[in-house]
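# What the coordinates show
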Amino acid sequence: MAEKNVLIIGGGAAGVKAALDRVNAGNKVFLVEDFPSIGGERIPQDRLITDGASFTAPDLGAVKENNGIQVIDSAEVRSLAGENGNFKAKVHRRTPRIDREKCNDCGECIKVCPIHMYDDYNESLEWRTAVDYFNSGSGNYNVFKEDMPVCQRTCPINLDIRTYVGYIADGKYAESLATIRKKLPFPLSIGRVCPHPCEFECNRGYKDEPISICFLKRYVADYEVYNEVEPPISLPEETYPEKIAIIGGGPSGLTCAYHLALLGYHNNITVFEALPACGGMFLVGIPEYRLPKAILAKDVEFIEKHGVEIKTGVRIGKDISYDDIRKDYDAVLLAVGAHLGMSMRVKNEDAEGVVEGVKYLRDAALGNEIPNKGSCIVVGGGNVAMDVARTSLRVGFDEVNLLYRRTRKEMPASPWEVDAAEHEGVKFHFLVAPQEVVVKGGKAVGMQCLKMELGEPDESGRRRPVPIEGSEFVMDADTIFAAIGQVTDASLVEEKHGFKIGRKFNFEVNPETFETNVEGVFASGDGATGAGIAIAACAGGKTAAESIHKYLRGKK
């Protein structure tokens with residue numbers, strides 16, 4: 001009889017025995033184990049350990065020495081198809097963290113390992129490091145970390161940072177990028193604009209400085225572009241017939257479309273985008289100098305190649321009705337973002353010369369006419385305010401003054417954006433609040449301001465600004481930009497459709513599933529959660545895709 005290949009999943013005691021049985025019967029055996037080593041259960045506390053007999057599975061040595069058995073540890077079977085003894089398996093093996101060919105048993109890695117965890121080898125009575133002398137039978141060192149590392153847990157979309165950074169260290173850039181794209185289809189864009197909360201929690205920072213996680217993500221994505229490598233497109237063979245409409249082609253909507261394609265809905269997903277191009281806030285909320293449109297277009301193209309139909313310049317309620325979409329599609333995602341500026345709540349803010357910061361950025365991105373002469377005032381302390389201020393300098397304003405009612409320490413903007421704005425010439429005025437737009441001849445000519453001081457912390461944890469009586473003053477300006485926050489324009493769906501709308505005009509959703517109160521309709525991104533960082537919107541899109549899949553399969 002010809003030699004057969006036998007796949008055994010699980011390297012515990014039963015798997016080890018089966019491997020030996022099959023190889024002794026003349027077969028070639030592949031033993032796949034999720035853990036970094038085979039052997040199964042740990043040593044019971046009531047057992048006396050003696051040399052050469054540490055493990056409960058006594059055949060480990062026989063497996064290791066048998067050339068007919070190939071052990072694939074740190075691996076899992078991703079798919080299995082076939083019948084009648086002719087199977088094809090797709091096995092994913094995680095990157096090895098210790099080069100066993102070079103390991104000489106010096107133990108230095110244990111001494112410097114910063115990760116301490118409960119020692120399940122001793123019923124969690126003591127601690128061990130992540131580098132663990134896991135397999136005394138084989139003599140191999142392993143790195144085995146339980147649960148989710150803090151950096152991954154902090155990342156809104158839970159990117160497997162440890163793995164993709166490890167691949168980069170090994171020079172395996174394609175594998176690193178593939179790891180990122182399992183969850184995030186925007187590595188080029190996010191690698192440039194993400195405020196990277198993961199790095200603030202990086203354990204390496206306790207020793208010297210955090211790993212540059214965000215820039216490493218950009219590096220592997222840029223490496224692919226620079227070397228003109230065609231991004232791999234991998235779609236499942238099993239497909240589903242249901243049609244899904246996604247309203248909004250921003251970070252959340254496109255991430256949802258991408259994951260729906262990976263789940264088997266490719267060629268049945270349509271994205272409706274009101275703007276002339278896709279990208280949402282990536283396109284019209286982040287200036288060109290931070291995220292070039294040509295770079296963003298490559299991420300969008302990658303998503304589109306997964307069988308996602310994109311229709312741009314289509315506004316719901318004008319070019320196509322919401323009712324028609326509900327009639328033609330089995331599920332709908334509302335991912336409309338937050339593109340309306342919030343009111344400053346000061347007198348005369350509707351005067352000519354007062355402009356919403358998000359509208360200004362959108363017009364600048366689309367090449368529309370924008371104010372660009374004289375001096376301007378930017379009101380706000382977030383990243384949108386920094387983008388407005390830095391864009392104003394670039395388009396021609398002679399002087400840009402930024403007002404913020406707290407101090408630099410309390411600013412919500414990323415510190416490096418504040419530093420860059422200051423370096424470029426933006427004048428910061430801290431502890432200053434706007435009071436009234438000064439108008440002359442129907443046009444804004446300045447802002448009456450009031451000086452502040454900090455009081456007790458408010459509900460946000462930041463110290464509350466308190467007005468200083470009698471400190472009013474006027475600051476001249478030709479244009480005033482309000483950049484104090486954004487809200488959603490939920491008017492694309494009429495009141496008759498019965499959606500629950502939240503305080504910031506966002507669609508109210510189940511925070512676990514992103515389902516709205518209307519069956520078959522989901523909402524994600526800024527339009528559901530309120531304005532936030534881009535990777536959080538991507539995370540919402542991924543979750544929405546998983547929820548839509550469960551909803552559609554549950555109906556069958």
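Residues numbered from 1 in each chain as written. Predicted model: local features only at pLDDT ≥ 70, side-chain atom pairs only at ≥ 80, totals over all residues. Heavy atoms only, no water.

Within the protein chain, the secondary structure is distributed over 18 helices and 25 strands. Across the protein chain, the 66 positively charged side chains and the 80 negatively charged ones have centroids separated by 1 Å. (Helix = DSSP H or I, 4+ residues; strand = E, 2+ residues; numbered from the N terminus. Lys, Arg positive; Asp, Glu negative; His and termini not counted. Charge placed at Lys NZ, Arg CZ, Asp CG, Glu CD.)

All told, the structure shown has 14 aromatic pairs when counted by the stated rule. When the ring of Y173 is compared with that of Y219, the centres are 5.3 Å apart and the planes differ by 90°; the resulting orientation is edge-to-face. Linking Y173 in helix 6 (residues 173-181) with Y219 in helix 9 (residues 213-226), this pair joins segments that are 46 residues apart in sequence. Judged by its relative accessible area of 34%, Y219 falls in the partly exposed class. Taking the centre distance of 5.9 Å and the plane angle of 70° together, the rings of F522 and Y551 count as edge-to-face. Here the residue F522 occupies a position in strand 25 (residues 521-523), and Y551 occupies one in helix 18 (residues 534-554), the gap between them amounting to 29 residues. By relative accessible area, F522 is classed as buried at 0%. Classification of Y551 as buried rests on a relative accessible area of 16%. Through pairs of rings, three or more aromatic residues link up here, namely Y173, Y219 and Y223. (Phe/Tyr/Trp six-rings, centres within 6.5 Å; stacked < 30°, edge-to-face > 60°. Buried < 20%, exposed > 50% of the residue type's maximum accessible area, 1.4 Å probe, protein only.)

Attention now goes to the nonpolar core. Core analysis: the largest hydrophobic core is formed by 60 residues, its most contacted members being L159, I161, L184, F186, I246, L260 and I548. Looking at this core, the element that brings in the most residues is helix 18, giving 8 residues. Excluding residues within four positions of it along the chain, F186 makes contact with G191, P251, L254, T255, F282, L296, D299, V300, I303 and C538. V355, C376, Y404 and A413 belong to the second largest nonpolar core, which has 25 residues in total. (Core = buried A, V, L, I, M, F, W, Y, C linked by side-chain atoms within 4.5 Å. Contact = heavy atoms within 4.5 Å.)

Burial in helix 6 covers these residues: S176, L177, T179, I180 and R181. At its buried positions, helix 6 is contacted by helix 5 (161-169), helix 7 (187-193), helix 9, helix 10 (251-265) and helix 12 (293-304).

This next bit is on the pairing of strand 11 (residues 269-273). A large share of strand 11 lies buried, amounting to 5 of its 5 residues. Judged from the 4 bridges that link them, strand 10 (residues 244-247) and strand 11 form a sheet pairing that is parallel. Bridge pairing links I244 to I269 in strand 11. The β-α-β motif built from strand 10, the intervening helix 10 and the parallel element strand 11 has right-handed crossover chirality. Note: strand 11 against strand 12 (residues 308-312), 5 bridges, orientation parallel. Within strand 12, the residue paired with T270 across the bridge is E309. (Pairing = 2+ DSSP bridges. Right-handed = clockwise from strand over helix to strand, strands pointing away.)

The subject of this paragraph is the sheet that holds strand 2 (residues 28-32). Strand pairing in a sheet relies on backbone hydrogen bonds, with the paired strands running either antiparallel or parallel. Read across the open sheet, the 3 strands follow the order 1-2-3; overall the sheet is parallel. A strand with exactly one partner marks an edge of an open sheet, and here the two such strands are strand 1 (5-9) and strand 3 (69-72). With direction set aside, neighbouring strand axes in the sheet form an average angle of 20°. Two strands pair when backbone bridges link them, and strand 2 and strand 3 are joined in this way by 4 bridges, in the parallel orientation. Following the sheet pairing, V32 is matched in strand 3 by I72. (Axes fitted to C-alpha atoms, helices over the stretch in contact; angles between N-to-C directions.)

Here the focus is the side chain of K217. Within the secondary structure, K217 is located in helix 9. Among buried charged residues, K217 stands out as having no salt bridge; its nearest opposite-charge side chain is E199, 6.9 Å away. Non-local contacts of K217, meaning those with residues more than four positions away in its chain, are made with L159, Y164, I180, L184, P187, I190 and G191. (Salt bridge = Lys/Arg side-chain N within 4 Å of Asp/Glu carboxyl O.)

With that out of the way, let us pick up the pairing of strand 2. Across 5 bridges, strand 1 lies against strand 2 in parallel orientation. Across the sheet, N5 pairs through a bridge with K28, a residue of strand 2. Following the chain from strand 1 across helix 1 (residues 13-24) to the adjacent parallel strand 2, one finds a crossover that is right-handed.

A few words on the side chain of H92. Its location among the elements puts H92 in strand 5 (residues 86-93). At 3.3 Å, the side chain of H92 and the side chain of K182 are in polar contact. Residue contacts for H92: discarding those within four places in its chain leaves S74, A75, E76, R78 and K182. (Polar contact = N/O pair within 3.5 Å; in protein donor to acceptor, adjacent residues only side chain to side chain.)

In this section: unusual backbone geometry. Peptide bonds are trans in most cases, and residues, glycine excluded, mostly fall at negative phi. With phi around 50°, S74 is a residue other than glycine that occupies positive phi space. Phi is positive for N348, which is not a glycine, with a value near 70°. Residue position: N348 is located in the loop between strand 14 (340-341) and strand 15 (354-356). Classification of N348 by relative accessible area gives partly exposed; the value is 26%.

Okay, the packing of helix 6 against helix 9 next. Interaxial distance between helix 6 and helix 9 falls to 9 Å at its minimum, and their mutual angle equals 115°. In terms of their interaxial angle, helix 6 and helix 9 are classed as roughly perpendicular. Here helix 6 and helix 9 pass one another in a crossing that is left-handed. Residue-level contacts link Y173, S176, L177, I180 and R181 of helix 6 to K217, Y219, V220, A221, Y223 and E224 of helix 9. (Parallel < 35°, antiparallel > 145°, perpendicular 65-115°, else oblique. Left-handed = near helix turned anticlockwise from the far one by under 90°.)

Tallying each qualifying case throughout the model produces 0 disulfides. With no disulfide of its own, C155 lies 6.2 Å from the sulfur of C198, the closest cysteine sulfur. According to the relative accessible area criterion, C155 is buried, its value standing at 6%. Lacking any disulfide linkage, C376 is separated from the closest cysteine sulfur, that of C449, by 13 Å. (Disulfide = S-S within 2.5 Å.)

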